[in-house]
Amino acid sequence: MEERIREVMANYQPKPLGQQKEYAIFLPLVWDEGAWQVLYEVRGQDISQPGEVSFPGGRLEPGETFAEAALRECTEELNVSPDHVEIWGEIDYIVQAKRTIHCFVGQLHCDNWRDLKYNEEVDHLFTIPLNEILNKEPVFYDLPHRIKEGSNFPFERIRNGEKYAFNHQSSKIPFYEGFDETIWGLTAQFTDCFSRILSEKNESK
């Protein structure tokens, strides 16, 4: 038994408990009008979360790494070849109850992003100058979570019952203010993360 346990533990790859889905996205930078711009998508009307601002991305396919999934999703959604997508690195990733989302940053090489022939998952594209993002912080709004009446959760088995200080009772959701499109949620979170990483690096020099 000991040898079996040692063998299992030596080869086991840890993952977040309860994880059921894995996603990867690509935060594309384009060089346009003499400056770096962050390229955003607005999701098509016939897919989930229609009309929301996002980055190219999606669920991992069997055997893919996160970086490979981010590259594939970007090439599919923007209809570009893989050699037009250059991944520079990965920023912090999000771990939620049943999924993880990894975000990669890099350059989308194209003569003019306005000429991209994106697929049906995309309604339209827009950019925001990177310098504007670096000089703006999102506003975080509280989204409360309340215990549903009639829940079958066994509150009587824990100290303080329904008054227990659950740490998931509220969430802070980021929104960027002042842009033409509403950038919020996970897209805003990754945008803010990238901005903070760049700002911290600049301050350390």
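Keep in mind that what you see is a predicted model, and the values were worked out from it rather than measured.

## Looking at the layout of surface pockets
Part 1 of the reasoning: Counted as a void, the largest pocket has a volume near 840 Å³.
Part 2 of the reasoning: In this structure, the largest pocket is lined by 32 residues; those nearest its centre are Gln49, Arg99, Ile101, Leu186 and Thr187.
Part 3 of the reasoning: Where the lining of the largest pocket is concerned, the elements lending two or more residues are β1 (21–32), β2 (35–43), β3 (53–54), β4 (57–59), α2 (66–78), β7 (99–108), β10 (170–176) and α4 (185–204).
Part 4 of the reasoning: In terms of residue count, the dominant contributor to the lining of the largest pocket is α4 (five residues).
Part 5 of the reasoning: Residues that form the lining of the largest pocket fall into these classes: twelve nonpolar, eleven polar and nine charged.

## Some details on unusual backbone geometry
Glycine aside, a negative phi is what most residues show, and trans is what most peptide bonds show.
Part 1 of the reasoning: Unlike most non-glycine residues, glutamate 33 shows phi in positive territory, near 55 degrees.
Part 2 of the reasoning: Looking at the secondary structure, you find glutamate 33 in the loop between β1 and β2.
Part 3 of the reasoning: Even without being a glycine, asparagine 79 presents a positive backbone phi close to 55 degrees.
Part 4 of the reasoning: Relative to the helices and strands, asparagine 79 resides in the loop between α2 and β5 (85–90).

Here is what the cut-offs are and how they apply
- Residues numbered from 1 in each chain as written.
- Predicted model: local features only at pLDDT ≥ 70, side-chain atom pairs only at ≥ 80, totals over all residues.
- Heavy atoms only, no water.
- 1 Å grid on protein atoms, 1.4 Å probe; cavity = no way out; pocket = protein on both sides within 12 Å on 5 of 7 lines; lining within 4 Å.
- Points joined across faces, edges and corners; volume = space filled by probe spheres on them.
- Helix = DSSP H or I, 4+ residues; strand = E, 2+ residues; numbered from the N terminus.
- Nonpolar A, V, L, I, M, F, W, Y, C, P; charged D, E, K, R; others polar.

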